[in-house]
Amino acid sequence: MVAPPHTPIVAIATAPGRGAVGIVRVSGGDVSSIVQAVCGRALKAREATYLPFRDADGQAIDQGLALHFPAPHSYTGEDVLELQAHGGPIVLQLLLARCLEAGAGIGLRPAEPGEFTQRAFLNDKLDLAQAEAVADLIDASTEAAARSASRSLAGEFSQQIDGLLQRLIHLRMLVEATLDFPEEDIDFLRKADAQGQLDGLQRQLDAVMQRTRQGALLREGITVVIAGQPNAGKSSLLNALAGAELAIVTPIAGTTRDKVVQAIQIEGVPVHVVDTAGLRDSDDPVERIGIARAWAEIEGADAVLFLHDLVRAQDAQALQADAEIAATLAQRLPAGVPVLHVWNKLDAAPAQAEAQVDGLRLSAKTGEGLAALRAALLKIAGWQSLPEGVYLARARHVQSLTRVQRHLAEVAAHLVEGLTLDLMAEELRLAQNALNEITGAFGSDDLLGVIFSRFCIGK
């Protein structure tokens, strides 16, 4: 649910735990009564003042910096008070309690998750895509993701969407105007070059979609599951990719009983690598549970890295077991999930074995071939390094743009097959709504509630 937008709110705006500095933030209403009660004096606008923060008896809770941002020149667009104190949990809780006590007369209450940024959105300080970028910047797991989130927060993604929106609105206006003069519809649209405008809009949309997919990939990453027979070197490969001894490696088949997950980054793209139990028939009840979990991970993967043992490349029994795993993968994997065949133990395999297999060849022990594997994983993910940089995006943005593509394809079909102006106008209206949902110009309260509820309390 979207919280009431007018009641004053307060929260600790820094992360839980101890730190050098902690911040308590108040927003909404007239905060002058709280300023006077806590700081003991009025504050100059947007100027940091060092002073004691006082309790109800006038005793100092702590000393720190106080800043007052009068509306509308603040993060939320409302009156904002920030108290920057020492970052001890008890100190911050005492300040929070003092603010709530001093603000009781104006209805001050604790903020809900994301409510400060939600108010910035509602007060037109940020659009919805920029508001999401605030959370993405905080949660960024790679340098590339952080830089891309910063671009989104600066409005680069929103500007691209606005450019599409303006061209779409112009085309929609032409069609809507033509509805008023049906006897001149064909000539009117031809003279206005409706087909050329639509073609240009679709090309621009395709370019934005490409960058948006890259941005969504930077944010979400991909999940790659390493699958294969016992002792193929799955755990060794995970350790080699991660650069750390995360999984136990022994010569004993069935050592891995449960999944081991590690997030790595390749050229800034998050890759969540999952090591799983070796796939085979087993009478060991614990190992069988591990194998069942392995298949569950495989079925939910974005890509599967099928690891083969190059040392056993001429072993008929091993090849038969691989063939059975491959057949099961074909049955159980959702359509479109790629399977990358990789042959491990290049350092120990006979020379003739390497010539008899297809797929990537590497050594998890020596690291030979790992660079090629990383490049192949990026290719599977669909990553393309764009020299001008990408902005961070979300799956919902990709879904909205996909809907726009679908609606414009319908418009193109009407232009080619014969003019059906009412249907064209409706498809363009739906396309405009889909674009507006990205920046929040049009969207349901339920959508806003879901987005902002995932923020931290102080944002």
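Structure shown above.
Below, the structure is looked at part by part. (Residues numbered from 1 in each chain as written. Predicted model: local features only at pLDDT ≥ 70, side-chain atom pairs only at ≥ 80, totals over all residues. Heavy atoms only, no water.)

## Things to note about the pairing of strand β4 (residues 60–69)
Alignment of strand β3 (residues 49–54) against β4, held across 6 bridges, turns out to be antiparallel. Among the inter-strand pairings, P52 is bridged to a residue of β4, identified as Q63. Here β3 hands over to β4 after 5 residues, with G58 in that stretch at a positive phi of 85°. Two strands pair when backbone bridges link them, and β4 and strand β5 (residues 80–87) are joined in this way by 5 bridges, in the antiparallel orientation. Within β5, the position partnered with L67 by the bridge is E82. (Pairing = 2+ DSSP bridges. Helix = DSSP H or I, 4+ residues; strand = E, 2+ residues; numbered from the N terminus.)

## Notes on the sheet that holds strand β8 (residues 260–266)
What the 6 strands build is an open sheet, ordered β8-β9-β7-β10-β11-β12; its pairing is mixed. Two strands close off the open sheet at either side, each with one partner strand: β8 and β12 (360–361). Where strand β10 (residues 303–309) meets strand β11 (residues 339–344), 6 bridges bridge the pair, whose relative direction is parallel. Bridge pairing in β11 links L305 to L340. Against the sheet, helix α13 (residues 370–381) engages β7 (222–228), β8, β9 (269–275), β10, β11 and β12, with an angle of about 175° to β11. (Contact = heavy atoms within 4.5 Å. Axes fitted to C-alpha atoms, helices over the stretch in contact; angles between N-to-C directions.)

## Here we look at empty space enclosed by the protein
Scanning all chains against the criterion turns up 2 cavities of 30 Å³ or more. As a volume, the largest cavity reaches approximately 50 Å³. Looking at the lining of the largest cavity, the elements with two or more residues in it are β10 and α11 (316–332). The residue makeup of the lining of the largest cavity, split by class, is 5 nonpolar, 2 polar and 3 charged. In terms of lining, the second largest cavity is formed by A129, E132, A133, D136, S152, F157, L392 and H397. In terms of residue count, helix α4 (residues 128–139) provides more of the lining of the second largest cavity than any other element does, 4 residues in total. Tallied by class, residues from the lining of the second largest cavity come to 4 nonpolar, 2 polar and 2 charged. (1 Å grid on protein atoms, 1.4 Å probe; cavity = no way out; pocket = protein on both sides within 12 Å on 5 of 7 lines; lining within 4 Å. Points joined across faces, edges and corners; volume = space filled by probe spheres on them. Nonpolar A, V, L, I, M, F, W, Y, C, P; charged D, E, K, R; others polar.)

## Here's the deal with the packing of aromatic side chains
Applying the stated rule across the entire model yields 1 aromatic pair. Across the ring face of F116, the terminal group of R25 is positioned such that the distance to the ring centre comes to 5.4 Å. (Phe/Tyr/Trp six-rings, centres within 6.5 Å; stacked < 30°, edge-to-face > 60°. Lys NZ or Arg CZ within 6 Å of the ring centre and 35° of its normal.)

## Focus: the pattern of salt bridges
Counting across every chain of the model gives 16 salt bridges. With its nearest N and O atoms 2.8 Å apart, the salt bridge here joins E132 to R396. Here E132 is found in helix α4, whereas its partner R396 is found in helix α14 (residues 395–417), with 264 residues between them in sequence. Here E132 falls in the buried class, since its relative accessible area comes to 1%. Three or more residues are tied together by salt bridges with common partners; here these are E132, D136, R219, E220, R394 and R396. (Salt bridge = Lys/Arg side-chain N within 4 Å of Asp/Glu carboxyl O. Buried < 20%, exposed > 50% of the residue type's maximum accessible area, 1.4 Å probe, protein only.)

## Some points on the environment of A71
Residue placement: A71 occurs in the loop between β4 and β5. Residues A71 and G29, spaced 42 residues apart in sequence, show a C-alpha to C-alpha distance of 9.2 Å. Those residues in contact with A71 that sit more than four places away from it in its chain are G77, E78 and D79.

## Describing the layout of surface pockets
Of the voids in this model, the largest pocket is the one considered here, and its volume is about 420 Å³. Lining the largest pocket are 16 residues, and of these L279, R280, D281, A321 and E324 lie nearest its centre. The dominant element in the lining of the largest pocket, judged by the number of residues it contributes, is α11, at 7 residues. Of the residues in the lining of the largest pocket, the class split is 7 nonpolar, 4 polar and 5 charged.

## Details of the nonpolar core
Counting residues in hydrophobic clusters, the biggest one holds 32 residues, and the most contacted among them are L237 and L373. If one sorts the elements of this core by residue count, α13 sits on top with 5 residues. (Core = buried A, V, L, I, M, F, W, Y, C linked by side-chain atoms within 4.5 Å.)

The values reported here are purely geometric and, on their own, carry no functional implication.
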